[in-house]
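# Close look at the chain arrangement
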Amino acid sequence: MSRLIKPAIFVLCLLPLFLLFRNFYLDQLGANPFEVLTRSTGEWTLRFLLLTLAMTPLRNITGSAWPIRLRRMLGLYTFFYVCVHLLTYIWLDHFFDWNEIVTDIVKRPYITLGMLAFVLLIPLAITSTKKMIRRLGKNWKSLHKLVYLIAVLGVVHFWLLVKADVKEPIIYSLILLTLFLVRLKPVQQRILSLNTR
Amino acid sequence: MLIKKPQDIPSSEITDEAVYQQRRKFMTSSIGLTAAATLMPLQNSVAAYGGKPLNFKKNSQFDTSEDKTSFGKITNYNNYYEFGTDKYSPAKNAQALTTDPWSVTIDGEVEKPGILHLEDILKQHTLEERIYRLRCVERWSMVIPWIGFPLADLIKKARPTSKAKYVKFETLNRPSEMNGLRRNVLDWPYVEGLRIDEAMNPLTILAVGLYGEVMPKQNGAPIRLVVPWKYGYKSIKSVVKISFTEKEPVSSWTKAAPNEYGFYSNVNPDVDHPRWSQRKERRIGDFLKRDTLLFNGYADQVASLYTGMDLKKHY
């Protein structure tokens, strides 16, 4: 039974993209389907990122080892979705017009931050194998602390691109803030002591 | 000046029958999207929008011969923050709006202020069709067959005084029927403005319908402004007040983000929005993007309004 959990979640994580493509194919993404593709893949990147960051606190709260076993997969899915998101931007927004893309990166803060978050994710994805973890030893942990910066960049990227209604960026920010708070030493010790009682 | 002209298609090729078929197809297929978007198949939108046919003159000299955007797309992809900030909510939420009775208050620097009832406005003006491009500031565009009359006709009847330099418009502010007003996303009511010569330009119309029918509620029923050479948000919806002023009115979007949305808001590929370039746009229904034209392709009619002005400064 427990051997099935990981493959099941692996498939589940592909579902958003599958449904997005399916609805695109069936012409059910509304009048501007390309905008929906970009927006949705961006939102799913943020969701997977927050989900990844939720695994450690979840282990501390439940005492189960499962969240940690899923953490790498969720992290890699974050990278997977950000790659699709970036592709929609490069292709559907700019049709590989590199001049325009570079101008965007230089001139528009939300693109600058989004691109920076993507670039910082690359080393994390590369060093996610067991071999790399062993090879990097202590440095692995310091390197992967970058994920906190990446999460902040991702949420700020979202804040900067909305026109006036900041409801959704606020929700993502509050979740991220909570995930930071439960990592504070006193809070973490409190959670762990509750768990061992 | 080099202005790209769209290829001409004889108007006979765009038949009412095709429009009818398009509508039928739309009614039976499904378009419409909720914010949760990707996880569920979308609901069918089958509400009978508008519906009542109007009498109007066809073939205006200002018509574009480009392919019209389908009725289904025009009525299911709307920026109308009073009914939700995503583009799919207004089609659903706007159906709660009562548009009859409706009146428009005329006040400010005019000799004949007053309250005009919609029926009287309709009686006093001959309706005509205007097939215009609409360019949204968000880089998408449509071609919409509006039904309306020149705003200039209404202005002349109100007799503006010499102090009337600007025209200020207001949208209805009725939270009981407009659920978006319960959140202060913008400073309600929605306000827009034009310089009086812009308002008097023959391209500027008050529209009361589209595709030959009474205006669908999500498109700004029962009466809205259409200024085709400016970004879409200037074309204010569901107008209840038209004021003539000496000072430049401050529009809702300018108030919200003065560095992004100026008073003029003319479509201009050379003036970037701070967060994106305005060089290209996606016509709804197209895959590839097309070049955005200066004044949305209406330079011949309106460029003279801005001679000597620095359009980068007066964005």
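Everything numeric in this text was worked out from a predicted model, so none of it was measured. (Residues numbered from 1 in each chain as written. Chains lettered and ligands numbered in written order. Predicted model: local features only at pLDDT ≥ 70, side-chain atom pairs only at ≥ 80, totals over all residues. Heavy atoms only, no water.)

### Notes on the overall build of chain A
Looking only at helices and strands, one finds 10 helices and 0 strands in chain A. Listing the helices and strands of chain A from first to last along the sequence gives α-α-α-α-α-α-α-α-α-α. Radius of gyration (C-alpha) of chain A: 18 Å, near the 16 Å computed for a compact globule of 197 residues. Seen through its principal axes, chain A has C-alpha atoms that stretch 55 × 40 × 40 Å. (Helix = DSSP H or I, 4+ residues; strand = E, 2+ residues; numbered from the N terminus. Rg over C-alpha atoms; globule rule 2.2 N^0.38 Å.)

### Topic: empty space enclosed by the protein
Residues and elements named next belong to chain B. Per the stated rule, a full pass over the model turns up 3 cavities of 30 Å³ or more. Estimates place the volume of the largest cavity at around 380 Å³. Looking at the largest cavity, it is lined by 25 residues, and the ones nearest its centre are Asn 79, Tyr 80, Gly 232, Tyr 233 and Lys 237. By residue number, the principal contributor to the lining of the largest cavity is strand β4 (residues 140–150), which donates 4 residues. Looking at the lining of the largest cavity residue by residue, the class counts come to 15 nonpolar, 6 polar and 4 charged. (1 Å grid on protein atoms, 1.4 Å probe; cavity = no way out; pocket = protein on both sides within 12 Å on 5 of 7 lines; lining within 4 Å. Points joined across faces, edges and corners; volume = space filled by probe spheres on them. Nonpolar A, V, L, I, M, F, W, Y, C, P; charged D, E, K, R; others polar.)

### Quick notes on the state of the cysteines
All names here are of chain A. Tallying each qualifying case throughout the model produces 0 disulfides over all chains. Between Cys 13, a free cysteine, and Cys 83, which holds the nearest cysteine sulfur, the sulfur-to-sulfur gap is 15 Å. Judged by its relative accessible area of 6%, Cys 13 is buried. Among the residues examined, Cys 83 registers a relative accessible area of 28% and is labelled partly exposed. (Disulfide = S-S within 2.5 Å. Buried < 20%, exposed > 50% of the residue type's maximum accessible area, 1.4 Å probe, protein only.)

### Quick notes on the interface of chain B and chain A
Taken together, the contacts link 39 residues of chain B with 30 residues of chain A. Summed over both sides, the interface of chain B with chain A buries roughly 3000 Å², with 52% coming from carbon and sulfur. The interface formed by chain B and chain A holds 6 salt bridges in total. Our count for the chain B to chain A interface comes out at 12 residue pairs in polar contact (both at pLDDT 80 or more). Split by residue class, the side of chain B that touches chain A holds 20 nonpolar, 8 polar and 11 charged. (Contact = heavy atoms within 4.5 Å. Buried area = accessible area lost by both parts, 1.4 Å probe. Salt bridge = Lys/Arg side-chain N within 4 Å of Asp/Glu carboxyl O. Polar contact = N/O pair within 3.5 Å; in protein donor to acceptor, adjacent residues only side chain to side chain.)

### Considerations on the packing of aromatic side chains
This structure, assessed with the given rule, holds 27 aromatic pairs over all chains. Aromatic pair Phe48(A) and Tyr77(A): ring centres 5.8 Å apart, planes at 25 degrees, arrangement stacked. One end of the pair, Phe48(A), is in helix α2 (residues 33–62); the other, Tyr77(A), is in helix α3 (residues 66–93), with 29 residues separating them in the sequence. Both residues of the pair, Phe48(A) and Tyr77(A), count as buried. Look at Phe80(A) and Tyr81(A): their rings are 5.4 Å apart centre to centre, the planes differ by 80 degrees, and that puts the pair in the edge-to-face class. The partly exposed category is assigned to Phe80(A), whose relative accessible area is 32%. Three or more aromatic residues link up through ring pairs in this structure, and these residues are Phe10(A), Trp44(A), Phe48(A), Tyr77(A), Phe80(A) and Tyr81(A). Its guanidinium or amino end placed over the ring of Phe263(B), Lys234(B) lies 4.6 Å from that ring's centre, counting from NZ or CZ. Positioned above the aromatic ring of Tyr80(B), the side-chain terminus of Lys237(B) is 5.2 Å from the ring centre. (Phe/Tyr/Trp six-rings, centres within 6.5 Å; stacked < 30°, edge-to-face > 60°. Lys NZ or Arg CZ within 6 Å of the ring centre and 35° of its normal.)

### Some details on the sheet that holds strand β2 (residues 114–117) of chain B
Residue and element names in this part refer to chain B. Pairing in this open sheet of 5 strands is mixed, and the strands run β2-β1-β10-β5-β6 from one edge to the other. Every interior strand has two partners, whereas the edge strands, β2 and β6 (191–195), have only one. Strand after strand, the sheet turns through a mean of 20 degrees between neighbouring axes, direction not considered. The sheet contact formed by strand β5 (residues 166–171) and strand β10 (residues 239–245) spans 6 bridges and is antiparallel. For Tyr 166, the partnering residue across the bridge sits in β10 and is Thr 245. (Pairing = 2+ DSSP bridges. Axes fitted to C-alpha atoms, helices over the stretch in contact; angles between N-to-C directions.)

### What about the nonpolar core?
In this structure, Trp146(B), Phe169(B), Ile223(B), Trp229(B), Ile242(B) and Phe244(B) are the most contacted members of the largest nonpolar core, which totals 89 residues. At 6 residues, β4(B) tops the list of elements feeding residues into this core. In this structure, Trp229(B) is in contact with Glu198(B), Asn201(B), Leu203(B), Thr204(B), Asn266(B), Val267(B), Phe295(B), Asn296(B), Tyr298(B), Val302(B), Leu305(B) and Tyr306(B), ignoring residues within four places of it in sequence. Counting 29 residues, the second-largest nonpolar core is a separate cluster that includes Phe118(A), Leu153(A), Val155(A) and Tyr172(A). (Core = buried A, V, L, I, M, F, W, Y, C linked by side-chain atoms within 4.5 Å.)

### A word on the environment of Val143(B)
Residues and elements named next belong to chain B. Note on placement: Val 143 falls in strand β4. The class for Val 143 is buried, based on a relative accessible area of 0%. For Val 143 and Lys 52, which are 91 residues apart along the polypeptide, the C-alpha to C-alpha distance reads 21 Å. Here Val 143 is in contact with Thr 64, Glu 66, Asp 67, Lys 68, Thr 69, Ile 74, Ile 131, Tyr 132, Arg 133 and Arg 283, once residues within four sequence places are set aside.

### Considering the side chain of Asn201(B)
Residue and element names in this part refer to chain B. With respect to the helices, strands and loops of the structure, Asn 201 is situated in the loop between α6 (196–200) and β7 (205–210). Residue class for Asn 201 comes out buried when judged on its relative accessible area of 7%. A polar contact of 2.9 Å, which involves the side chain of Asn 201, links it to the backbone nitrogen of Leu 203. Those residues within four positions of Asn 201 in sequence are excluded, and the remaining contacts are Trp 229, Gln 301, Val 302 and Leu 305.

Worth remembering: the numbers are spatial, not functional.
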